[in-house]
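Understanding the architecture of this molecule
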Amino acid sequence: MPRPSPNRRAARVTRRAVTAPAAEFARYLRTETVGGSVLLAATAVALLWANSPAGDGYRSLRALTVGPAALHLDLTLGQWATDGLLAVFFFVAGLELKRELVTGELAGARRALLPVAAALGGMVVPAVLALAVAHGSPGAGRVWAIPVATDIAFALGVLALAGAALPTTARVFLLGLAVVDDLGAIALIAVLFTDEVRWLALAGAALCCVAYWWLQRRRVTSPLLYVPLALGTWLAVHDAGIHATVAGVALALLTRVHADPGEPVAPLLRLEHRLQPWSAGLCVPLFALFAAGVPVGVGALRSMVVDPAALAVLAGLLLGKPIGIFGATWLAVRLTPAVRPSGLAWPDLLAVAMLGGVGFTVSLLLAELALDGNGDGGGPVDRAKAAVLFASAIASLLGAGLLVLRGRVHRVRAVG
């Protein structure tokens, strides 16, 4: 067999030298701690930029309109981040949800019961508490939706950093409830924040989804078909008047989970593996860059603490989330066949429940959808976003502190 020429050998070495660092960087971005760190860095940049002398430039950039008006795509950069980039995030989250429901920790009614109950409690209690706090104020009928979601990447990142000594069942429990309540938040987006449905466009979106499902069942793998089809689905959903992130979830839930005989990996796992670094390293941080730039000066903080809507968000995330998650978990274990996760005591579950108050990405999105305004530097949207950021930061710190304390207990038990 002839040996490859020196030029071919050099080309192979060059390809490996180029692709290996790229693959390593993608693997690095897949870890929860790195994803949370990149998100935190983008948020810090947005806050510093928006509250600096160049703040007017930040708001002008966010309000810059780009896109063809004929296709109803003349959106601001902030809207592109919300409607476009977050569609990728929700597609990845939808893939993770389907994997957990079919082959993961949520497969089977009994296994799914506890995180589902915790997620429902973590949605209902914050919503009721926020509604009570904001009662009678402008926007009270919609502000209750803001604290219902938990940020998957950020919460898991805090758990990975501060709760490494806890059993792995802590991560499984948090992942399950975060995925389920994000699905609930997506349902709220589809139901509550759709003012007018264009049925012809919605029918087009349905046809695109059927075509995607058919291609999956026919074992077609070519991205030359799937990429245009995904873009067409997104365009149709957007044109229908429904928030375009719903398109990402719909396609994710139609993706095939099981690999065929001889197939190295299932389409769902392949897509999740390829897109998760883009979601964590680009899409979500860029969304945070355009969404998190809110006033945080003394005047802004003073206006936040006297705004019923902002107080409702704070109460929902900091009180409603941990109370709802922990209370629903306790009731489910006491009243149903659900069992407490292996190796976790009730104080461990309380520490994990505190991380439910890290709303962040989805809560910021819900704040933009629920309240009037486009982030004008001090309006209700910015005050609600500031409340989301403060509540998420406080919940992260409290949760991390509790996790560190519980980690010491687990280490002592392991040594003893």
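Residues numbered from 1 in each chain as written. Predicted model: local features only at pLDDT ≥ 70, side-chain atom pairs only at ≥ 80, totals over all residues. Heavy atoms only, no water.

As for helix α11 (residues 245–253)
Among the nine residues that make up α11, seven are buried, leaving the element largely enclosed by the rest of the structure. Burial in α11 covers these residues: T245, V246, A247, G248, V249, L251 and A252. Packed against the buried residues of α11 are α4 (77–102), α8 (169–192), α9 (199–217) and α10 (223–239). (Buried < 20%, exposed > 50% of the residue type's maximum accessible area, 1.4 Å probe, protein only. Helix = DSSP H or I, 4+ residues; strand = E, 2+ residues; numbered from the N terminus. Contact = heavy atoms within 4.5 Å.)

Describing the pattern of salt bridges
Should the charged atoms of two oppositely charged side chains come close, the side chains can pair. Following the criterion strictly, the structure yields 10 salt bridges and no others. D260 is the salt-bridge partner of R219, the closest N and O atoms lying 2.6 Å from each other. Of the two residues, R219 is situated in the loop between α9 and α10 and D260 in the loop between α11 and α12 (267–291); the sequence distance between them amounts to 41 residues. Overall, the relative accessible area of 37% leaves R219 in the partly exposed class. For R256, the salt bridge is made with E263, and the minimal N-O distance between the two is 3.1 Å. Here R256 and E263 have matching classes, each one buried. Salt bridges sharing common partners tie together R219, R256, D260 and E263. (Salt bridge = Lys/Arg side-chain N within 4 Å of Asp/Glu carboxyl O.)

Describing the environment of P285
You can see P285 is positioned in helix α12. Residue P285 is classed as buried on the basis of its relative accessible area, which comes to 7%. Each C-alpha atom, one on P285 and one on A81, is 9.6 Å from the other, the two residues being 204 residues apart in sequence. What P285 contacts, discounting residues up to four positions off in sequence, is V38, A42, S279 and A280.

Examining the packing of aromatic side chains
The tally for this structure, following the rule as stated, stands at five aromatic pairs. Centroid distance F326 to W346: 5.7 Å. Interplanar angle 80°. Geometry classified as edge-to-face. Of the two residues, F326 is situated in helix α14 (residues 308–335) and W346 in helix α15 (residues 346–354); the sequence distance between them amounts to 20 residues. (Phe/Tyr/Trp six-rings, centres within 6.5 Å; stacked < 30°, edge-to-face > 60°.)

Let's talk about the nonpolar core
In this structure, F90, I146, L174, L366 and L403 are the most contacted members of the largest nonpolar core, which totals 97 residues. At 12 residues, α8 tops the list of elements feeding residues into this core. Once you skip the residues sitting within four places of it in the chain, L366 turns out to touch A145, I146, V148, A185, I189 and F193. (Core = buried A, V, L, I, M, F, W, Y, C linked by side-chain atoms within 4.5 Å.)

So, the environment of V333
With respect to the secondary-structure elements, V333 resides in helix α14. Between the C-alpha atom of V333 and that of L113, which follows or precedes it by 220 residues, the distance is 9.5 Å.

As for the confidence of the model for the chain
Overall, the prediction assigns the chain a mean pLDDT of 84, with 89% of residues at 70 or greater. With pLDDT under 50 throughout, residues 1–19 is counted as low confidence; its partners more than four residues away or in other chains account for four contacts. (pLDDT = per-residue confidence, 0-100.)

Remarks on the packing of helix α13 (residues 298–305) against helix α17 (residues 380–415)
Following both chains from N to C, one finds α13 and α17 inclined at 90°, their axes separated by 10 Å at the closest point. Classed by the angle they form, the pair α13 and α17 counts as roughly perpendicular. Judged by residue contacts, L301, S303 and M304 of α13 engage R383, A386, A387 and F390 from α17. (Axes fitted to C-alpha atoms, helices over the stretch in contact; angles between N-to-C directions. Parallel < 35°, antiparallel > 145°, perpendicular 65-115°, else oblique.)

Regarding the side chain of D83
Following the sequence through the fold, D83 ends up in helix α4. In this structure the side chain of D83 is engaged in a polar contact, spanning 3.2 Å, whose partner is the side chain of H243. (Polar contact = N/O pair within 3.5 Å; in protein donor to acceptor, adjacent residues only side chain to side chain.)

A short note on the state of the cysteines
Under the definition given, this model contains zero disulfides. Cysteine C209 shares no disulfide, and the gap to the nearest cysteine sulfur, in C208, comes to 7.0 Å. Assessed through its relative accessible area of 16%, C209 is described here as buried. (Disulfide = S-S within 2.5 Å.)

What to know about unusual backbone geometry
Of note in this structure, R219 is not a glycine but carries a positive phi near 65°. Backbone geometry at F360 places phi at a positive 45°, although glycine is not the residue there.

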